[in-house]
Amino acid sequence: MLYLVIIKNSNNMTKTEIKKHINKSVYAFVEALGYHISDDGDGGRVLFYNPEFENWDDAIEYHRSSHYADVFSYAEDVVRSDADKINEFVRLVKSNLAA
């Protein structure tokens, strides 16, 4: 799968701006994978869910501050694979910002 990484110059960005940029990039990537975003407003985590799945256990939990996607160990294989794709995407965005 080809990942489109949004490249932005981080030289003049604050830590908060960098975190927001990473999160916004992840949200766009997740929507491209067909997931919806559920934000309960607590500030720390959001859920990514596919409306075609029948079980909330197949949702992906994304940690905004650590930029990490996590799923239950018994989640469907496709969901675990998508969480791995999200984490790889985060790694690519971070490496582009550090360059």
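In what follows, the accompanying structure is described. (Residues numbered from 1 in each chain as written. Predicted model: local features only at pLDDT ≥ 70, side-chain atom pairs only at ≥ 80, totals over all residues. Heavy atoms only, no water.)

## What about the overall build of the chain?
Summing up its helical and strand segments, the chain has two helices and four strands in all. For the chain, the N- to C-terminal ordering of α and β elements is α-β-β-β-β-α. Within the chain, buried positions represent 33% of all 99 residues. Partitioning the intrachain contacts of the chain with sequence separation of at least 6 by distance along the chain shows that 39% fall at a separation of at least 24. Carbon and sulfur atoms provide 50% of the accessible area of the chain, an area that totals close to 6400 Å². (Helix = DSSP H or I, 4+ residues; strand = E, 2+ residues; numbered from the N terminus. Buried < 20%, exposed > 50% of the residue type's maximum accessible area, 1.4 Å probe, protein only. Contact = heavy atoms within 4.5 Å. Areas by Shrake-Rupley, 256 points an atom, 1.4 Å probe, with all protein chains shown as cover.)

## Concerning the nonpolar core
I22, V26, Y35, F48, I60, Y62 and I86 are the most contacted members of the largest nonpolar core, which has 19 residues in total. Not counting chain neighbours up to four residues away, the residues in contact with I86 comprise V26, F29, V30, L33, F48, I60 and A69. (Core = buried A, V, L, I, M, F, W, Y, C linked by side-chain atoms within 4.5 Å.)

## As for the packing of aromatic side chains
Per the stated rule, a full pass over the model turns up six aromatic pairs. With a centroid separation of 6.3 Å and 75 degrees between ring planes, the pair formed by Y27 and F48 is classed as edge-to-face. Placement of Y27 in helix α1 (residues 15-32) and of F48 in strand β2 (residues 45-49) is noted, with a sequence separation of 21 residues between them. The interplanar angle of 25 degrees and the centroid separation of 5.5 Å between the aromatic rings of F48 and Y62 together place this pair among those described as stacked. Linking F48 in strand β2 with Y62 in strand β3 (residues 60-63), this pair joins segments that are 14 residues apart in sequence. Each member of the pair F48 and Y62 is classed as buried. An aromatic cluster is built from Y27, F48 and Y62, whose rings are joined through pairwise contacts. (Phe/Tyr/Trp six-rings, centres within 6.5 Å; stacked < 30°, edge-to-face > 60°.)

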